[in-house]
Amino acid sequence: MSTPFDPCSLTLTEAMTGRPSPSPLQYAFAAKTGAHAGRGGTPPMTAGAARQQLSSLLAQSSASSQGRALYVHIPFCRVRCSFCNFFKYAASAELMANYFDLLLLDLERKAVQPWSQAQPFDAVYIGGGTPTDLTAAQIFTLGQRIQQCLPLADDCEITLEGRLNKFDDDKFASALKAGFNRFSFGVQSFDTQVRRAAKRLDDREPLLAQLKRLTASNAATIAIDLMYGLPHQTADSWQQDLEDTLSAGVDGVDLYQLIQFKGSGIERDVEKGRITQPMDSPQRALLYQQGSRYFAQHGLKQLSYCHWATSNKERSRYNSLAKSGAEILAVGAGAGGSLAGFGYMQPRDIEPWQQAIENNQWPVAMMMVKPANYLQDAALVGACDTGLLTPAQIGAARFRAAQPLFAKWQQHGLAKLNIQAGQDCVELTTAGKFWSVNMANGMLQYLNQNPQAVEACETAA
Ligand SMILES: C[S@@+](CC[C@H](N)C(=O)[O-])C[C@H]1O[C@@H](n2cnc3c(N)ncnc32)[C@H](O)[C@@H]1O
Ligand code: SF4
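Let us look at the structure shown here. Remember, it's a predicted structure, so these values are computed and weren't measured experimentally.

## Here's the deal with the side chain of Thr429
Part 1 of the reasoning: Counting through the fold element by element, Thr429 comes out in the loop between β17 (425-428) and α19 (430-434).
Part 2 of the reasoning: By relative accessible area, which is 18% here, Thr429 ends up buried.
Part 3 of the reasoning: In this structure the side chain of Thr429 is engaged in a polar contact, spanning 2.8 Å, whose partner is the backbone oxygen of Gly413.

Written out as structure tokens, the structure reads:
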């Protein structure tokens with residue numbers, strides 16, 4: 001029997017609704033609640049149980065309507081950037097060559113499993129670390145092996161991530177020959193002072209020239225990452241970054257807000273008085289708005305709260321698949337995957353990953369069962385990511401049950417509601433998009449803490 005839905009009994013906290021403020025963009029929430037939105041699952045399984053579970057998942061020829069992707073991790077960088085938490089191993093030719101041989105084994109063992117052959121992959125992402133630090137021959141072999149051993153959709157997006165430094169013509173040609181059709185380069189900023197402080201290689205001019213050469217070839221989709229909130233950045237230098245981005249002719253651009261973490265190079269530089277404290281969240285919000293307005297003025301298409309496309313070539317398919325609950329096969333030390341309602345991580349350290357492969361075991365460090373309605377949650381997170389929520393996307397009952405939350409979002413300047421029969425939707429404002437992760441997490445909390453609202457709306461349907 002369903003419990004009657006009493007709007008007065010709803011739990012609505014500030015973490016869900018944001019708070020009233022004259023500048024919601026800057027102050028609706030105190031801080032971003034994390035890099036990504038989503039609910040955790042059950043406590044992790046034991047290593048033995050995780051290995052068994054992965055065996056049985058890979059033995060099934062099941063297909064998923066959500067689509068699937070391959071993620072391959074390359075945990076090496078030549079330099080540790082001052083803002084970054086992804087650095088794991090200093091790149092050396094020998095270490096990378098050993099890793100590469102094992103990586104191919106990890107890939108090939110997984111590729112022959114029934115699950116891997118059951119459905120074409122829609123996207124492949126080689127991420128890191130800095131995959132462009134692989135040699136031209138390794139880049140070619142990796143791309144070629146993936147094509148040979150896995151079924152790929154005809155329009156599969158195949159991305160190589162990395163940086164422009166030392167990504168020479170030989171590597172670009174080898175990557176194209178091996179089927180890579182998208183490149184995602186971390187630029188962070190074009191400004192030489194900002195770059196040097198962040199320990200980025202190359203000054204503005206050679207970097208821009210290299211990027212322009214690649215885009216002018218028109219041989220693949222080229223996307224870049226920019227960051228806002230880095231030491232020495234100002235509204236003016238940011239404006240120049242935005243203009244440089246368009247002048248470079250890229251197909252896509254991510255704007256990432258600096259997430260400061262304990263023990264970063266930035267923290268140490270501030271402690272040692274080498275730099276002043278970088279800007280706070282309200283100041284960063286203004287840079288987000290500046291970027292968002294500039295791109296809108298220049299006709300870019302906003303694909304997610306942090307990603308824009310300058311042309312139809314850019315689909316950013318891997319990112320949208322990963323955010324909306326697609327299945328992901330993970331290969332390499334430190335790679336994370338998602339299969340049939342289970343989330344898993346491979347060991348971050350090379351040693352245990354290598355040992356597992358050499359012992360013919362699945363290299364799983366952690367596995368957990370996702371919440372029962374994880375696909376609905378993923379649809380909701382994906383909708384907040386794009387800035388548009390509709391009943392078709394997030395489920396009619398959840399959409400109706402969240403009306404009191406939506407009303408608060410509107411009141412707080414975070415969303416605009418359009419409630420008309422047949423066209424209901426909630427569109428996030430620029431402020432709402434800036435706080436997209438908080439809003440997705442807030443809505444998940446709201447649905448969790450008000451199950452009677454969802455139940456009543458399901459019964460009424
Ligand atoms: C895994 S990194 C790989 C990038 C590539 N190795 C490079 O050097 O540009 C991917 C992206 O994460 C972003 N990133 C890294 N650290 C970050 C931080 N602390 N806050 C926000 N974004 C960050 C950067 O924009 C970076 O391009
Ligand atoms: S930004 Fe790239 S190169 Fe720099 S430490 Fe992070 S992953 Fe490595």
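## Observations concerning the site of ligand 1
Part 1 of the reasoning: Neighbouring ligand 1 are 18 residues, the closest being Phe83, Gly129, Gln188, Arg200 and Asp225.
Part 2 of the reasoning: The contact in question runs from a nitrogen atom of ligand 1 to an N or O atom on the backbone of Phe83, over 2.8 Å.
Part 3 of the reasoning: Gly186 places a polar main-chain atom, nitrogen or oxygen, 3.4 Å from an oxygen atom of ligand 1.
Part 4 of the reasoning: Protein burial of ligand 1: of its 570 Å² of free accessible surface, 90% is covered by the chains.
Part 5 of the reasoning: Elements with a minimum of two residues in the shell around ligand 1: β5 (152-162), β6 (182-188), β7 (221-228) and β8 (252-257).
Part 6 of the reasoning: For the shell around ligand 1, a count of residues per class yields seven nonpolar, seven polar and four charged.

## Brief notes about the packing of helix α9 (residues 204-216) against helix α10 (residues 235-247)
Part 1 of the reasoning: Packing of α9 against α10 brings their axes to within 10 Å, and their N-to-C directions diverge by 30°. In terms of axis orientation, α9 runs roughly parallel to α10. Residues Arg204, Leu208 and Lys212 of α9 form the contact with α10, whose own contacting residues are Gln240, Asp244 and Ser247.
Part 2 of the reasoning: Taken together, the residues of the contact of α9 with α10 break down into one nonpolar, two polar and three charged.

Conventions adopted
- Every chain's residues receive numbers from 1 upward, in the order its sequence appears when written.
- Here chains are named by letter from A upward and ligands by number from 1 upward, in the order in which they appear as written.
- Local features in this predicted model are restricted to residues whose pLDDT is 70 or higher, and side-chain atom pairs enter the listing and the counts only when it is 80 or higher, whereas totals over whole chains, interfaces and linings include all residues.
- Excluding hydrogens and water, the side-chain figures rest on all heavy atoms present in the structure.
- Labels follow the DSSP assignment, with helices taken as runs of H or I lasting at least four residues and strands as runs of E lasting at least two, numbered in each case from the N terminus.
- Think of it in three bands: residues with accessible area under 20% of the maximum for their type are buried, residues over 50% are exposed, and the middle band is partly exposed, with areas taken using a 1.4 Å probe on protein chains only.
- Any pair of nitrogen or oxygen atoms within 3.5 Å is treated as a polar contact; in protein, a donor-acceptor pairing is required on top of that, and neighbouring residues in sequence qualify only through side-chain atoms on both sides.
- Proximity is defined per residue: any heavy atom of the residue falling within 4 Å of a molecule or strand makes that residue near it.
- Under the convention used here, a 1.4 Å probe and the Shrake-Rupley method define accessible areas, while residue burial counts only the protein chains that appear.
- Ten residues, namely Ala, Val, Leu, Ile, Met, Phe, Trp, Tyr, Cys and Pro, are considered nonpolar, four, namely Asp, Glu, Lys and Arg, are considered charged, and the remaining ones, Gly among them, are considered polar.
- Think of each axis as a best-fit line through the C-alpha atoms, taken over the contacting stretch in the case of a helix, with angles from 0 to 180 degrees between the N-to-C directions.
- Reported orientations rely on four angle classes, namely roughly parallel under 35 degrees, roughly antiparallel over 145, roughly perpendicular from 65 to 115, and oblique for the rest.
- The contact rule is simple, with two residues in contact once any of their heavy atoms fall within 4.5 Å.

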